[in-house]
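Coordinate inspection notes
This is what each chain is made of:
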Amino acid sequence: ARALMPGPVVLAPTMGALHDGHARLLGAARTLAGPRGSVIVSIFVNPLQFGPNEDLDRYPRTLDADLAMCAREGADLVFAPAAAEIYPGGPPEVSVDPGPAGQRFEGEFRPGFFGGVLTVVLKLLHLTRPAVAVFGQKDAQQLTLVRRMVTDLNLDVVIEPVPTVRDADGLATSSRNRYLSAADRAVALALPRALLAGQAAADGGADAVLAAARAVLRAQPALAVDYVALVDPGTFGPAGTGSALLVAAARAGTTRLIDNLALVLPAEGAGDAAHH
Ligand code: AMP
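Position labels on residues start from 1 in each chain and follow its written sequence. This being a predicted model, a pLDDT of at least 70 is required before a residue's local features are given, and a value of 80 or more before pairs of side-chain atoms are given or counted; all residues contribute to the totals for chains, interfaces and linings. Side-chain descriptors were evaluated using all non-hydrogen atoms of the structure, hydrogens and water having been removed beforehand.

**A few points about the packing of helix 8 (residues 190-200) against helix 9 (residues 206-218)**
Here an axis means a line fitted to C-alpha atoms, over the contact stretch when the element is a helix, while the angle between two N-to-C directions is reported on a 0 to 180 degree scale. In DSSP terms, a helix is any run of H or I states spanning at least four residues, a strand is any run of E spanning at least two, and both are numbered starting from the N terminus. The N-to-C vectors of helix 8 and helix 9 enclose an angle of 155°; their axes lie 7 Å apart at closest approach. It follows from the interaxial angle that helix 8 and helix 9 lie roughly antiparallel. Viewed along their axes, helix 8 and helix 9 form a crossing whose handedness is right-handed. Between helix 8, through Ala190, Leu191, Arg193, Ala194, Ala197 and Gly198, and helix 9, the contact on the second element is made entirely by Val209, Ala212, Ala213, Val216 and Leu217. Charged residues are taken to be Asp, Glu, Lys and Arg, nonpolar residues to be Ala, Val, Leu, Ile, Met, Phe, Trp, Tyr, Cys and Pro, and polar residues to be all remaining types, Gly included. Tallied by class, residues from the contact of helix 8 with helix 9 come to nine nonpolar, one polar and one charged. For classification purposes, angles smaller than 35 degrees are called roughly parallel, those larger than 145 roughly antiparallel, those between 65 and 115 roughly perpendicular, and all remaining angles oblique. For any pair of crossing helices, the crossing counts as left-handed if the nearer helix is rotated counterclockwise from the farther one by less than a right angle, and right-handed if it is rotated clockwise. In what follows, residue pairs with any heavy atoms lying within 4.5 Å of each other are defined as contacts.

Pasting the structure below:
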């Protein structure tokens with residue numbers, strides 16, 4: 001695409017079933033490309049990143065509505081390949097190893113997930129040759145790992161983060177939200193509420209953040225929590241002082257949700273000072 005389409009070329013990789021979060025992603029891509037550049041949207045439900053007991057077969061597919069949104073948001077080209085085009089010989093023998101940060105959190109609950117994600121992202125980058133690719137902060141660990149891949153493998157692309165879009169009730173928009181019944185959704189709302197409570201307690205330090213978030217989650221026992229943790233946004237290792245991410249994953253009914261909020265942790269001892 002770098003040779004065939006007017007630059008800068010900006011790629012927005014998605015799995016389709018597009019929603020308001022994707023609209024923001026495509027809007028950001030359009031802005032980064034400028035009026036003369038080109039926006040490519042990829043729509044591909046990547047089998048390589050789904051585990052054997054996950055929702056590959058029932059993942060929502062809404063191509064006509066997706067194409068309408070791409071047109072509305074000013075995309076120049078939509079790349080929606082079949083699985084056999086991306087993996088003509090079946091699963092690849094050579095693939096990307098996401099390293100230690102790919103084993104934690106989402107990687108622990110979804111073995112093989114980030115290897116599948118990074119492998120398809122690398123293939124999509126090679127197939128479309130963009131100067132810039134946009135990724136949502138909603139999938140914070142994915143964003144961190146894509147950036148790490150770009151650094152460690154010297155990829156010639158700039159990664160631009162896009163802020164998380166939420167519905168009016170606070171739930172981050174997600175293609176999987178359409179699985180939620182009204183009752184499930186009410187349960188799911190404890191997730192963003194817990195993150196906000198944690199963020200509001202940031203002046204008290206890491207322990208106060210986690211205590212505040214966990215208190216909200218305990219009050220909604222129907223939400224099955226996989227993890228809630230404070231991490232370093234660059235590595236997904238333990239958070240130090242300064243910029244941190246409060247990350248969480250939980251299941252409401254059969255739907256698995258992830259979310260995160262950024263916050264700033266005070267230096268040692270400053271937590272006490274903030275309260276006197
Ligand atoms: P997906 O189709 O779920 O693989 O997501 C495609 C891209 O859209 C990823 O970079 C996501 O992080 C991003 N995205 C998904 N949901 C949101 C959201 N609520 N706000 C912002 N970006 C999002």
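Still to come is the rest of the account.
**A word on the packing of aromatic side chains**
Any Phe, Tyr or Trp ring, taking Trp's six-membered ring, that has another such ring centre within 6.5 Å forms a pair; planes under 30 degrees apart are called stacked, those over 60 apart edge-to-face, and the others tilted. The tally for this structure, following the rule as stated, stands at six aromatic pairs. Both rings, one in Phe109 and one in Tyr227, keep their centres 5.8 Å apart while their planes meet at 40°; by these two values the pair is tilted. Note that Phe109 is positioned in helix 4 (residues 106-109) and Tyr227 in strand 6 (residues 224-231), a separation of 118 residues in sequence. Residue class for Tyr227 comes out buried when judged on its relative accessible area of 10%. By the ring-pair criterion, three or more aromatic residues cluster together here, those being Phe105, Phe109, Tyr227 and Phe236. Only protein chains enter the accessibility calculation, which uses a 1.4 Å probe; a residue whose area is less than 20% of its type maximum is buried, one above 50% is exposed, and one in between is partly exposed.

**Side note on the confidence of the model for the protein chain**
Known as pLDDT, the predictor's per-residue confidence is scaled from 0 to 100. In this model, the protein chain carries a mean pLDDT of 96, and residues with pLDDT of at least 70 account for 96%. The spread of mean pLDDT over the elements of the protein chain runs between helix 10 (residues 270-273), the lowest at 50, and strand 4 (residues 132-136), the highest at 99.

**Describing the nonpolar core**
What we call a nonpolar core is a set of buried Ala, Val, Leu, Ile, Met, Phe, Trp, Tyr and Cys residues that are connected through their side-chain atoms within 4.5 Å. Within the largest apolar cluster, 28 residues are counted, with the highest numbers of intra-cluster contacts made by Val121 and Ile159. Of all the secondary structure elements, the ones that give two or more residues to this core are strand 1 (9-14), helix 5 (113-128), strand 4 and helix 6 (140-152). Element by element, the count of residues in this core is highest for helix 5, at nine residues. Excluding anything up to four places from it in sequence, Ile159 contacts Ala133, Phe135, Leu143, Val146, Arg147 and Val150. Ala202, Leu210, Ala244 and Ala250 belong to the second-largest nonpolar core, a separate cluster that totals 27 residues.

**Considerations on the pairing of strand 7 (residues 242-252)**
Burial analysis of strand 7 places eight of its 11 residues in the buried class, which makes it a mostly covered element. When DSSP locates at least two bridges between a pair of strands, those strands are taken to pair. Strand direction decides the pairing type here: strand 6 and strand 7, joined by seven bridges, are antiparallel. In the sheet register, Ala229 faces strand 7, and the bridge partner there is Val247. The loop that links strand 7 with its antiparallel partner strand 8 (residues 255-265) comprises two residues; one of these, Gly253, has a positive phi angle of about 60°.

**Observations concerning unusual backbone geometry**
Geometrically, the link from Gly7 to Pro8 is a cis peptide bond, its omega value of -5° lying close to zero. Turning to its location among the elements, Pro8 is positioned in the segment before strand 1. Phi at Phe105 takes a positive value of approximately 50°, unusual for a residue other than glycine. By the element assignment, Phe105 lies in the loop between helix 3 (83-86) and helix 4. You can call Phe105 buried: its relative accessible area is 17%. Unlike most non-glycine residues, Asn154 shows phi in positive territory, near 55°. Counting through the fold element by element, Asn154 comes out in the loop between helix 6 and strand 5 (158-162). Residue classification places Asn154 among the exposed residues on the basis of a relative accessible area of 66%.

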